[in-house]
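Residues per chain, in single letters:
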Amino acid sequence: METLVCKACWTEVFNTEAIQKFWAQESYDFSYNTTWAQIVLSGENACNWCGFLTSILPSPNTPQWPSTWTPTTDLLVILDKAYMVENTSPLGLNQCQLDFSSEGFSREWHEEIDLFIDDPDDCAGIVTARPLQSRINSAEAYSQITEWLDQCRNHIGCSEVLSYANLPSRVIEVAPADSRGVPRLRPTTGRKGSYLALSYCWGSKQSYVLTTKNVKSLMREFDMKMLPQTILDAIEVTKNLGFEYLWVDALCILQDSAQVAARQDMDQVLAMMGQIYMNATMTIFAACAPSATNGFLEDRPRSGQSRFDIPCRLSPEQFVAVHIQEHIMYDDRIEPINTRAWTFQEGLLSPRLLIYASQTLQWQCRTLTCNMGGSYHYPSPSAIPRLPSPRMLLLEGLERNPRRDQLRPDIPHPILQRWLRILTSYSERQSSLPSDKLPALSALAANYAAIFGPEYLAGIWARSAVQQLCWRSPESRRTFTRPTGYRAPSWSWAALDGLVYFPSFPQINNASVCVPYHRFRIVEWQIRLKAPNLPYGEVTAGKLVVTTVLRDATLDPACCPAIRFDTARNPDLYDLERAPSSAAPGVIQTAEGNPDTVEDNFTRPVRCLAMYRSDGPESRTICGLMLVEWTGQKGVYRRIGSFSADVSVFEDRPLDTVSIV
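Everything numeric here is computed off the predicted structure, so don't read it as measured data.

Caption draft 1: Representation of the overall build of the chain within the structure. For the chain, the helix and strand inventory stands at 15 helices and 29 strands. Its C-alpha atoms give the chain principal-axis dimensions of about 90 × 80 × 45 Å. When burial is assessed residue by residue, the chain has 54% of its 661 residues classed as buried. Partitioning the intrachain contacts of the chain with sequence separation of at least 6 by distance along the chain shows that 70% fall at a separation of at least 24. Working note: accessible area of the chain is about 30000 Å², and carbon and sulfur atoms make up 51% of it. Side-chain charges in the chain split into 61 positive and 71 negative, and the spacing between the mean points of these groups amounts to 10 Å.

Caption draft 2: Summary view of helix α13 (residues 413-427). In this model α13 runs 21 Å from its N-terminal to its C-terminal C-alpha over 15 residues, within 8% of the 21 Å that 1.5 Å per residue would give. If you check which residues of α13 are buried, you get H413, I415, L416, W419, L420, I422, L423, Y426 and S427.

Caption draft 3: Local environment of the nonpolar core. Within the largest apolar cluster, 143 residues are counted, with the highest numbers of intra-cluster contacts made by L246, Y356, W419, L441, W461, W493 and F650. Two domains each donate at least three residues to this core, and these are domain 2 (140-298 + 332-374) and domain 3 (390-571 + 584-660). In contact with L441, other than residues within four places in its own chain, are F344, Q345, W419, I422, L423, Y426, Y456 and W493. Formed by 46 residues, the second largest nonpolar core is a distinct cluster that contains C9, I19, F30 and C50.

Caption draft 4: Layout of the environment of V161. For V161, the position within the fold is in the loop between α5 (139-152) and β5 (165-166). In this structure the C-alpha to C-alpha distance between V161 and W10, which are 151 residues apart in sequence, comes to 52 Å. Those residues in contact with V161 that lie beyond four places of it in its chain are P351, R352 and R366.

Caption draft 5: Representation of helix α7 (residues 229-240) in the model. Helix length check: α7 (12 residues) gives 16 Å between terminal C-alpha atoms against 16 Å at 1.5 Å per residue, within 8%. Turning to α7, its buried residues are T230, I231, D233, A234, I235, V237 and T238. Following α7 by one or two positions, G242 adopts a phi angle in the positive range, close to 80°.

Caption draft 6: Structural view of the domain arrangement of the chain. Here the chain is described as being made up of domain 1 (2-133 + 305-326), domain 2 (140-298 + 332-374) and domain 3 (390-571 + 584-660). Of note, the centres of domain 2 and domain 3, computed from C-alpha atoms alone, are 36 Å apart. At the interface, 19 residues of domain 2 touch 21 residues of domain 3. Both sides together, the interface formed by domain 2 and domain 3 hides about 1800 Å², and carbon and sulfur atoms give 58% of it. For the interface between domain 2 and domain 3, the tally reads 12 residue pairs in polar contact (both at pLDDT 80 or more). Put simply, the parts of the chain that give the side of domain 2 that touches domain 3 at least two residues each are α9 (260-271), α10 (273-279) and α11 (342-349). Of the residues that constitute the side of domain 2 that touches domain 3, the class distribution is 10 nonpolar, five polar and four charged.

Caption draft 7: The packing of α13 against helix α14 (residues 442-452), seen in detail. Running from N to C, α13 and α14 point in directions that differ by 160°, and their axes come no closer than 12 Å. The angle between the axes of α13 and α14 places the two elements in the roughly antiparallel class. Relative to α14, α13 is oriented so that their crossing is left-handed. Here I415, L416, R418, W419 and I422 of α13 come into contact with α14, specifically with L444, A445, Y448, I451 and F452. Along the lines of polarity and charge, the residues of the contact of α13 with α14 split into nine nonpolar, no polar and one charged.

Caption draft 8: Up close: the pattern of salt bridges. Overall, the coordinates contain 22 salt bridges when judged by the stated rule. Taking the shortest distance from any N to any O, the salt bridge between R170 and D265 comes out at 3.2 Å. Linking R170 in strand β6 (residues 170-173) with D265 in helix α9, this pair joins segments that are 95 residues apart in sequence. Here R170 and D265 have matching classes, each one buried. In this structure, D656 engages R607 in a salt bridge whose closest nitrogen and oxygen atoms are separated by 3.3 Å.

Caption draft 9: How the structure looks around the UniProt feature "domain: Heterokaryon incompatibility" (unreviewed entry) in the chain. The sites that UniProt annotates as "domain: Heterokaryon incompatibility" (unreviewed entry) are residues 195-346. End C-alpha to end C-alpha, residues 195-346 measures 15 Å, and it is 30% helix and 19% strand.

Caption draft 10: Summary view of the sheet that holds strand β7 (residues 184-187). An order of β7-β6-β10-β9-β11-β14-β15-β16 is seen for the eight strands of this open sheet, with the pairing classed as mixed. The two strands at the open ends of the sheet, each matched to only one other strand, are β7 and β16 (369-371). Averaged over all pairs of adjacent strands, the angle between strand axes in this sheet comes to 30°, irrespective of strand direction. As judged from the five bridges shared by strand β14 (residues 352-356) and strand β15 (residues 361-365), these two strands associate in the antiparallel manner. Bridge pairing in β15 places L353 opposite Q364.

Caption draft 11: Representation of unusual backbone geometry within the structure. Here the bond from S89 into P90 is cis, since omega is -10°, no more than 30 degrees from zero. Following the sequence through the fold, P90 ends up in the loop between β2 (75-81) and β3 (95-102). Cis geometry is adopted by the peptide bond preceding P561, which originates at C560 and carries an omega value of 0°. Tracing the chain through its elements places P561 in the loop between β23 (539-555) and β24 (563-565). Although it is not a glycine, A458 sits at a positive phi angle of roughly 55°.

Caption draft 12: Local environment of the pairing of strand β29 (residues 655-660). Relative to β29, β23 runs antiparallel, the two sharing six bridges. Note that in β29 the partner of L544 across the bridge is I660. Pairing geometry for strand β28 (residues 636-646) and β29, over two bridges, is parallel. Among the inter-strand pairings, Y637 is bridged to a residue of β29, identified as I660.

Caption draft 13: Summary view of the sheet that holds strand β13 (residues 318-326). With antiparallel pairing, six strands are arranged side by side in an open sheet as β1-β2-β3-β4-β13-β12. In this open sheet, the two strands that pair with only one neighbour each are β1 (29-34) and β12 (308-315). Across the sheet, the mean angle separating the axes of adjacent strands is 30° when strand polarity is ignored. As paired elements, β2 and β3 share seven bridges and run antiparallel to each other.

Caption draft 14: Layout of the packing of α11 against α14. At a minimum axis separation of 8 Å, α11 and α14 run at an interaxial angle of 40°. Looking at the two axes, α11 sits oblique to α14. Facing F344, Q345, L348 and L349 of α11, the residues of α14 in contact are S442, A443, L444 and N447. Looking at the contact of α11 with α14 residue by residue, the class counts come to five nonpolar, three polar and no charged.

Conventions used here
Residues numbered from 1 in each chain as written. Predicted model: local features only at pLDDT ≥ 70, side-chain atom pairs only at ≥ 80, totals over all residues. Heavy atoms only, no water. Helix = DSSP H or I, 4+ residues; strand = E, 2+ residues; numbered from the N terminus. Buried < 20%, exposed > 50% of the residue type's maximum accessible area, 1.4 Å probe, protein only. Contact = heavy atoms within 4.5 Å. Areas by Shrake-Rupley, 256 points an atom, 1.4 Å probe, with all protein chains shown as cover. Lys, Arg positive; Asp, Glu negative; His and termini not counted. Charge placed at Lys NZ, Arg CZ, Asp CG, Glu CD. Expected span 1.5 Å × (residues − 1). Core = buried A, V, L, I, M, F, W, Y, C linked by side-chain atoms within 4.5 Å. Domains from an automatic or database assignment. Buried area = accessible area lost by both parts, 1.4 Å probe. Polar contact = N/O pair within 3.5 Å; in protein donor to acceptor, adjacent residues only side chain to side chain. Nonpolar A, V, L, I, M, F, W, Y, C, P; charged D, E, K, R; others polar. Axes fitted to C-alpha atoms, helices over the stretch in contact; angles between N-to-C directions. Parallel < 35°, antiparallel > 145°, perpendicular 65-115°, else oblique. Left-handed = near helix turned anticlockwise from the far one by under 90°. Salt bridge = Lys/Arg side-chain N within 4 Å of Asp/Glu carboxyl O. UniProt positions renumbered as here; feature names shortened; annotations may be inferred. Pairing = 2+ DSSP bridges.

Below, the structure written as structure tokens:
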């Protein structure tokens, strides 16, 4: 072990009682002193630790070099255990943070490092992560999946997942005994059983799909030469795991939607989409494949990162070699599947996911997330938490709403925040058909309906409506795009494409304190569904009628603030003696305004609708919607953006009732 590092590192770092206490986590950190010049010199002389430090530290005369350093500056090197987020696995000292600081200064350089070992049993439970596994179509991989499934069946949080459930109306029989083992389509006629489902990116339009013309031939057998590689790979996984049935949308739903029978079939399956994924024993999640033709079972490429071996002291007489490398967080947003709209709800609703990621094979259930072979998994902070089971989700809501027949007007804060986070993540997803915006989220909405109440209006729940209506872009310079055809009323986030942001509000007594403007009131909602049996799906029209204070104004993007309110007043409706000084005649009142799209970002008359107080009941900032008249219809408007203004802008003004479409 002594030969892995230089003499100075051995005596001052790796063969000390202090580092042994750090490895055993009996102390929070470990530190020692050195210089950049000494690190480089030792690294050039085969010291693995100094070689690693040389690879991660900046060099002099580079922009990253700290201005307070010289090559001979005395540096304090501090080794700490990294902060662990929820669902990090396996547990252990598998990630550390490394800080460098010169005397009298704060920590001037920071790095994160990963630690792993070939056999965790050799390390007394200190470092527990193994090297990343790349052979994800091996016998070891299928053995690992079987082990995961057996463990999951004993998880308390996963115990509700059915071993046998109602099969979808059609499934793929992957190895029928009476047809030479060639897969075929199998109608189920109400049977129960176990099956896997596939979630994947279609990419370009698939040519070999189920239609009203080929349904009988596919029930005999598939033409294997016509199947795209991703579906072939899913069939192989299903066979190797010993399952009979696989559900794939392209081959289990009639796709020639121009036919009435096919359209009816599509609507029936869409209404059951949530149940299809929730009842699957596992969902094969082809995360890395950008299209159906790519497949997902190829061996994964090596990371290319430099790996160094260092000694880990377990006792004065016992050492073990541990591998280290610079930490690079795996961000699941890089995967093609996580850019697509339909796969979003498929992943969240599935109780168990086999994720064929770009770097390895990953398991995810309601209790556990882990990599094949026990390699280190550090979740991205942006990852959406797993969805609880329907029963647990319902119980969570009932704990805060003891009587389902007397729901409070506001949705409990934690559940509402989870839903808004779902919408934010979903809003960045793309679909081939713009009209899929609401249908591709409909199964998730149906899952939340038991808690949020029955009224769901083009992506907005009637309960806690104000907090959902105040969506906007996360940055004033970032705008949405508008689809060419109608998709949703202008007050719904689903009307536009782009990242949706919902303002954060303080929480009091388990409710979000989004305080509606005291004169704001929703009078009526109206929604026209495209398919009456799909209450959470596509809409063809919608109207929101509200009563509140509205102010006529001019939007001028060249000015800052961009909104200037008209000064004309009706003396019969406005009491000058009670008007605040900031709203006195002759004083121009302004507001911050953010148009939703580039198309609406030009100088024009607008109406500002007061909706809520931005920072609680005592806030003087009123926020709301910018409206313009809709095709010349008096009293009918559409949303074009949002604004924030001082409360004085709306004081002592008359109420108005308007319709927003």
